[in-house]
Amino acid sequence: MSETFDLVVIGAGPAGLAAAAQAAELGLSAVVVDEQPEPGGQIYRAVERATKGPAAAALGADYAHGRQVVEAFRRSGAAYRPGLQVWQVEPSGEVLASDGQRSVAFAGRRALVAVGATERPVPIPGWTLPGVMGVGAGQILLKSSGMVPAGETWVVGSGPLPLLYMQQIIAAGGRIAGYIDTTPAANGFLAAPHLSAALRNLPYLRKGLKLRGALRRSGIPGHRADAVEAAGDGRVERVRFRSGGTWHEKPCDLLLLHEGVVPNVHVTMAIGCAHEWDERQECFRPRLDEWGCTDIAAILVAGDCGGIEGARAAEARGRLVALGAAASLGRIDDATRDRMARPLRRELRRHLPIRPFLDTLFRPRRGLTAPADAVIACRCESVTAGQVRETVRIGAVGPNQAKSFIRCGMGPCQGRMCGLTVTGIIAEATGRTPAEVGFFRIRPPLKPLTLGELAALGEDSGT
Ligand SMILES: Cc1cc2nc3c(=O)[nH]c(=O)nc-3n(C[C@H](O)[C@H](O)[C@H](O)COP(=O)(O)OP(=O)(O)OC[C@H]3O[C@@H](n4cnc5c(N)ncnc54)[C@H](O)[C@@H]3O)c2cc1C
């Protein structure tokens, strides 16, 4: 039996929580389904617990804002189903999820996909060695368990998240052995024309400068590099990097990589929504109108899975999508929708003008998604970049042919870790753009599922 709601929201981050709260305030029945045990999403992970614990001070004021978002959601009367991983969404709005034992179904008049972003894969030599992981994963351990790394920890990459994470680790009493900044030097010049627009969000720029200042004062050794490798016997033991044309090597126990985040498009791709290539953010994203509507009537999108805009914009987008859904379901008229949307659109105008500056400043270095032949591209199936290039030589024209030739993208992560790399390698090898090459065709189940979990659906409905 399906539970029926006006709005089924997938994702309890700022976008999903704000959308559900707004929908409930307008009298819609709404439920939020999330695989995590607590609300907050990536940025506000475990915020109800962590703001009371010792990690609170280290995580900062932006993180503390999440408490208000979660409290507003808790007060709203929207239903909440944590610990459920969504494995399929039907174009009709039906959402299928599992708690690891049994599957359940939610029938939504509208389904809102608010599944956030994932870290961009960083396929460098040695990135599959134990002891190498994403900065985001390191931050998840800090937020959810207060874990601070011990030993020689090196942070490598580009973007605000590595700076923020290092500051949080220092504030929590930890130590970072060194930071290797891979931001191409030319990005600063390319970003300069976008600076005047970015100045409209002065507090955010100030925060960035403060982070850089804190990093300088912390005494963490900083290096600029245009190539990085992890090396070791059975686990990471050394980090190697090329700076000013010379290779350097340092002892390393934990290597944390980050080259920005990209929309998590697997759900909308599996549903069959239209997507487009975002040249500035170098990623695919669903095609949306101003109310977060996709080209499939029952499927809506809000937050970073619709394009990277940050947490405050995600919150505003969530509320706008709820207003649009309420109007399309006949609960409010268009005039009310537009009036209530005005302050939210003003909010977006405050937060979005900085994006072209940030996206250009932290644009990943050339060649990141088309690594050398020996580098593993698909971790699940141990497929190298060279093997993907070989499929092109024998006639593969896109990721789906490469997948059927050598199984890249066919493992448990369903291409989350290799999708952009396989597209990048094929684009480079064939002289086409990523938009022309396209992405893997994503099929349900979105995550591995046992037959028992699947069969539980039939038990309830008697089929
Ligand atoms: C690893 C990482 C760390 C980040 N850290 C920061 C930070 O410290 N500061 C900052 O300003 N920004 C940070 N960001 C960016 C920030 O998270 C986003 O701007 C913001 O969280 C977007 O909100 P959202 O609601 O769109 O998505 P999210 O907050 O990501 O929420 C998405 C939710 O969807 C759930 N979900 C996803 N797939 C499924 C599924 N199949 N079934 C059920 N639930 C699912 C997830 O569990 C998650 O709770 C980070 C991003 C990432 C990827």
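Whatever comes next refers back to the structure up there.
So, a few notes on the structure that sits alongside this text. (Residues numbered from 1 in each chain as written. Predicted model: local features only at pLDDT ≥ 70, side-chain atom pairs only at ≥ 80, totals over all residues. Heavy atoms only, no water.)

### Considering the overall build of the protein
Phase 1 of the analysis: A count of helices and strands for the protein gives 17 helices and 21 strands.
Phase 2 of the analysis: A compact globule built from 463 residues would reach a C-alpha radius of gyration of about 23 Å, and the protein, at 22 Å, matches this within 12%.
Phase 3 of the analysis: Considering only C-alpha atoms, the protein reaches an extent of 65 × 50 × 40 Å along its principal axes.
Phase 4 of the analysis: Every one of the 463 residues in the protein was classed for burial, and the buried ones make up 54%.
Phase 5 of the analysis: About 19800 Å² of surface is accessible on the protein, with carbon and sulfur atoms providing 54% of the total.
Phase 6 of the analysis: Of the charged side chains in the protein, 54 are positive and 45 negative; the average position of the first set lies 5 Å away from that of the second. (Helix = DSSP H or I, 4+ residues; strand = E, 2+ residues; numbered from the N terminus. Rg over C-alpha atoms; globule rule 2.2 N^0.38 Å. Buried < 20%, exposed > 50% of the residue type's maximum accessible area, 1.4 Å probe, protein only. Areas by Shrake-Rupley, 256 points an atom, 1.4 Å probe, with all protein chains shown as cover. Lys, Arg positive; Asp, Glu negative; His and termini not counted. Charge placed at Lys NZ, Arg CZ, Asp CG, Glu CD.)

### Some remarks on the layout of surface pockets
Phase 1 of the analysis: Of the volumes computed, that of the second largest pocket is approximately 560 Å³.
Phase 2 of the analysis: At the level of secondary structure, the elements contributing two or more residues to the lining of the second largest pocket comprise α6 (187-191) and α15 (419-430).
Phase 3 of the analysis: Sorting elements by how many residues they give to the lining of the second largest pocket places α15 first, with five residues.
Phase 4 of the analysis: A domain-level breakdown of the lining of the second largest pocket finds at least three residues from each of domain 1 (3-118 + 262-332) and domain 3 (376-437). (1 Å grid on protein atoms, 1.4 Å probe; cavity = no way out; pocket = protein on both sides within 12 Å on 5 of 7 lines; lining within 4 Å. Points joined across faces, edges and corners; volume = space filled by probe spheres on them. Domains from an automatic or database assignment.)

### Remarks on a nonpolar patch on the surface
Phase 1 of the analysis: Together, L195, L199 and L202 make up a nonpolar patch on the protein surface, roughly 230 Å² of accessible area in all.
Phase 2 of the analysis: Along the chain, the position of L195 falls in helix α7 (residues 195-198).
Phase 3 of the analysis: On the basis of relative accessibility, which here comes to 36%, the residue L195 falls in the partly exposed class. (Patch = residues over 30% accessible without salt bridge, like charges linked within 9 Å, V, L, I, M, F, W, Y side chains within 5 Å. Salt bridge = Lys/Arg side-chain N within 4 Å of Asp/Glu carboxyl O.)

### Overview of the environment of G126
Phase 1 of the analysis: Tracing the backbone shows G126 in the loop between β7 (117-119) and β8 (132-134).
Phase 2 of the analysis: Taking the relative accessible area as the measure of exposure, G126 reaches 24% and is therefore partly exposed.
Phase 3 of the analysis: In the structure, G126 is positioned 190 residues away from A316 in sequence and 40 Å away in space, judged by C-alpha atoms.
Phase 4 of the analysis: Excluding its chain neighbours within four sequence positions, the residues that come into contact with G126 are V132 and A230. (Contact = heavy atoms within 4.5 Å.)

### Some details on the sheet that holds strand β12 (residues 227-231)
Phase 1 of the analysis: In space, the three strands of this open sheet follow the order β12-β13-β14, with antiparallel pairing throughout. Every other strand in the sheet has two partners, leaving β12 and β14 (246-251) as the edge strands with one partner each. Strand-to-strand twist in this sheet, taken as the mean axis angle between neighbours without regard to direction, amounts to 20°. (Pairing = 2+ DSSP bridges. Axes fitted to C-alpha atoms, helices over the stretch in contact; angles between N-to-C directions.)

### With respect to the pairing of strand β18 (residues 283-286)
Phase 1 of the analysis: One ladder, built from four bridges, connects strand β17 (residues 275-278) with β18; its direction is antiparallel. Within β18, the position partnered with D278 by the bridge is C283.
Phase 2 of the analysis: The hairpin formed by β17 and β18 contains four residues between the paired strands, and E282 there has a positive phi angle of roughly 50°.

### Description of the site of the ligand
Phase 1 of the analysis: Neighbouring residues of the ligand: 30 residues in total, closest A15, D34, V86, Q139 and D304.
Phase 2 of the analysis: The contact in question runs from an oxygen atom of the ligand to an N or O atom on the backbone of P14, over 3.2 Å.
Phase 3 of the analysis: For the ligand, an oxygen atom lies 2.7 Å from a polar atom in the side chain of Q139.
Phase 4 of the analysis: Considering the ligand on its own, with 990 Å² of exposed area, one finds that the protein chains cover 90% of that surface.
Phase 5 of the analysis: Counting only elements with at least two residues in the shell around the ligand, the list comes to α1 (14-25), β4 (85-89), α4 (135-145), α5 (160-171) and α10 (311-328). (Near = heavy atom within 4 Å. Polar contact = N/O pair within 3.5 Å; in protein donor to acceptor, adjacent residues only side chain to side chain.)

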